[in-house]
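# Inside the fold
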Amino acid sequence: MNQLNLFLYTILFSIFILTNSFAENTEPEKDVFTVILDPGHGGKDPGTTGTTGVYEKNINLSIALKVKEYLAEKYDDIRIILTREKDEFIELKERGKIANENNGDLFVSIHCNYKKKEEHDKNGFEIYISDLNRTNEAEEITKLENKFFLLPKSDTSSVFWKEYTTIAVPLLQNVYFKMSEYFATILELELTKGTVLESRGIQQEGYFVLIGASMPVLLVECGFLSNVGDERYLKSQKGQNDVAKAIYKAIVFYKMDYDYMKFVNKISK
Ligand SMILES: [Zn+2]
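All values reported here derive from a predicted model rather than from experimental measurement.

About the thresholds
Residues numbered from 1 in each chain as written. Predicted model: local features only at pLDDT ≥ 70, side-chain atom pairs only at ≥ 80, totals over all residues. Heavy atoms only, no water. Helix = DSSP H or I, 4+ residues; strand = E, 2+ residues; numbered from the N terminus. Buried < 20%, exposed > 50% of the residue type's maximum accessible area, 1.4 Å probe, protein only. Contact = heavy atoms within 4.5 Å. Areas by Shrake-Rupley, 256 points an atom, 1.4 Å probe, with all protein chains shown as cover. Axes fitted to C-alpha atoms, helices over the stretch in contact; angles between N-to-C directions. Parallel < 35°, antiparallel > 145°, perpendicular 65-115°, else oblique. Nonpolar A, V, L, I, M, F, W, Y, C, P; charged D, E, K, R; others polar. pLDDT = per-residue confidence, 0-100. Pairing = 2+ DSSP bridges. Donors = N, O, S within 2.8 Å, 3.2 Å for Na, K, Ca; no water. Core = buried A, V, L, I, M, F, W, Y, C linked by side-chain atoms within 4.5 Å. Phe/Tyr/Trp six-rings, centres within 6.5 Å; stacked < 30°, edge-to-face > 60°.

## What about the overall build of the protein?
Along its length, the protein carries eight helices and six strands. Counting from the amino terminus, the protein carries its helices and strands in the arrangement α-β-α-β-α-β-β-α-α-β-α-β-α-α. Evaluated residue by residue, the protein yields a buried proportion of 52% over its 269 residues. Partitioning the intrachain contacts of the protein with sequence separation of at least 6 by distance along the chain shows that 83% fall at a separation of at least 24. Accessible area of the protein: about 13,100 Å², with a carbon and sulfur share of 54%.

Following this line, the structure appears as structure tokens:
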């Protein structure tokens, strides 16, 4: 990461923490860092099926449960919410709603991939963040569901608050996007270091699950179940442990930056 990017991220992180501290004015119970883990598919929706018949939904759930276990074992200052803890069907829009209702600080959707019929064999993990062309939809969801768009009762006359509320949602969406991008770079590095999977890079896509949650959000396709090597690895305990540990580490590193900026904002007040 070059100096300019680092500077930019620092500024954005400050805005992010600042907006969250405004949120605390109206939402006092929210100061525990909350991660929403979203194991893709479930129940009647198996997701993709691997070459040996393994269901994507089961691998996604197993990895998410391991990430939860690693986090819960070492960090009592991180709240972990799963959109599903068992093999059940949850609508896509319901997943974003669960995240918003729980005031998530980070949303990680976990999936596995399958190549299309016309494509050659593909392998490796892919990371998706939201497509900026769909920010209007995301803004609408944020306006509807994000409580800190509301003016705090005690401060309605303040000019600052008037300005703040007119810029809040678009600015916030931009910050969420940048923070998703930042988290994606950390996750890409951890997955590359900690697993045998190849990186296919970070991409932007307008997946519904990526725009439904009003917070930094990312979807990881852990590998291709249509590829014999990836499937063997992702089916194994070793593979699932490696991937879960990489996601876990990325969350911890992201939170370290989050806590640091929270501290900087506190002492600079
Ligand atoms: Zn999937």
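## As for the packing of helix 7 (residues 228-235) against helix 8 (residues 237-267)
Here helix 7 crosses helix 8 at 80°, and the two axes come no closer than 4 Å. Of the possible angle classes, the one that applies to helix 7 and helix 8 is roughly perpendicular. Contacts from Tyr233, Leu234 and Lys235 of helix 7 reach helix 8 at Gln237, Lys238, Gly239, Gln240, Asp242 and Val243. Of the residues in the contact of helix 7 with helix 8, the class split is three nonpolar, three polar and three charged.

## Remarks on the confidence of the model for the protein
Confidence in the prediction for the protein averages 83 pLDDT; 76% of positions are at 70 or higher. Considering only residues more than four positions removed or in separate chains, one finds that residues 24-29, a stretch of pLDDT under 50, has eight contacts.

## What about the environment of Lys93?
For Lys93, the position within the fold is in helix 3 (residues 92-101). Considering only alpha carbons, one finds Lys93 and Gly212, 119 residues apart in sequence, at a separation of 6.5 Å.

## Focus: the sheet that holds strand 3 (residues 106-113)
If you walk across this open sheet you meet the six strands as 2-1-3-6-4-5, and the pairing is mixed. Lying at the two open borders of the sheet, with one neighbouring strand each, are strand 2 (78-82) and strand 5 (199-205). Mean inter-strand twist for the sheet, computed between neighbouring axes without regard to direction, equals 20°. Pairing geometry for strand 4 (residues 125-130) and strand 5, over five bridges, is parallel. Note on strand 5: the bridge partner recorded for Ile129 is Gln204. Helix 2 (residues 56-74) rests against strand 1 (33-39), strand 2, strand 3 and strand 6 (217-224) of the sheet, and its axis sits at about 145° to strand 3.

## Examining the coordination of the zinc ion
His41 (NE2), Glu56 (OE) and His111 (ND1) make up the full set of protein donors to the zinc ion, lying at 2.1 to 2.2 Å. Along the chain, the residues donating to the zinc ion fall in the pattern H-x14-E-x54-H. Residue His41 is located in the loop between strand 1 and helix 2, and its partner Glu56 is located in helix 2; the two are separated by 15 residues in the primary sequence. You'll find His41 and Glu56 in the same group, each marked buried.

## A look at unusual backbone geometry
Among all residues save glycine, negative phi is the norm, and among peptide bonds the norm is trans. A positive phi angle, close to 65°, is found at His41, a residue other than glycine. Unusually for a residue other than glycine, Asn103 sits at a positive phi of about 50°. By the element assignment, Asn103 lies in the loop between helix 3 and strand 3.

## Considering the nonpolar core
Counting residues in hydrophobic clusters, the biggest one holds 50 residues, and the most contacted among them are Ile63, Val67, Val108, Val220, Ile247, Ile251 and Tyr254. If you tally residues by element for this core, the top one is helix 8, at 11 residues. In contact with Ile251, other than residues within four places in its own chain, are Phe33, Val35, Leu37, Val67, Leu71, Leu106, Val108 and Phe183. Within the second largest apolar cluster, 13 residues are counted, among which are Ile90, Leu210, Ala213 and Leu219.

## A short note on the packing of aromatic side chains
Summed over the entire model, instances satisfying the criterion amount to six aromatic pairs. Ring geometry for Tyr70 and Tyr248: centres 5.7 Å apart, planes at 55°, overall tilted. Linking Tyr70 in helix 2 with Tyr248 in helix 8, this pair joins segments that are 178 residues apart in sequence. Accessibility assignment for this pair places Tyr70 and Tyr248 in one class, buried. Plain terms: the ring middles of Phe183 and Tyr254 are 5.5 Å apart, the flat faces sit at 75° to each other, and that makes the pair edge-to-face. On the criterion of sequence distance, the pair formed by Phe183 in helix 5 (residues 159-194) and Tyr254 in helix 8 is long-range, its members being 71 residues apart. The exposure class of Phe183 is buried, given its relative accessible area of 0%. An aromatic cluster of at least three residues, connected via ring pairs, comprises Phe33, Tyr182, Phe183, Tyr254 and Tyr258.

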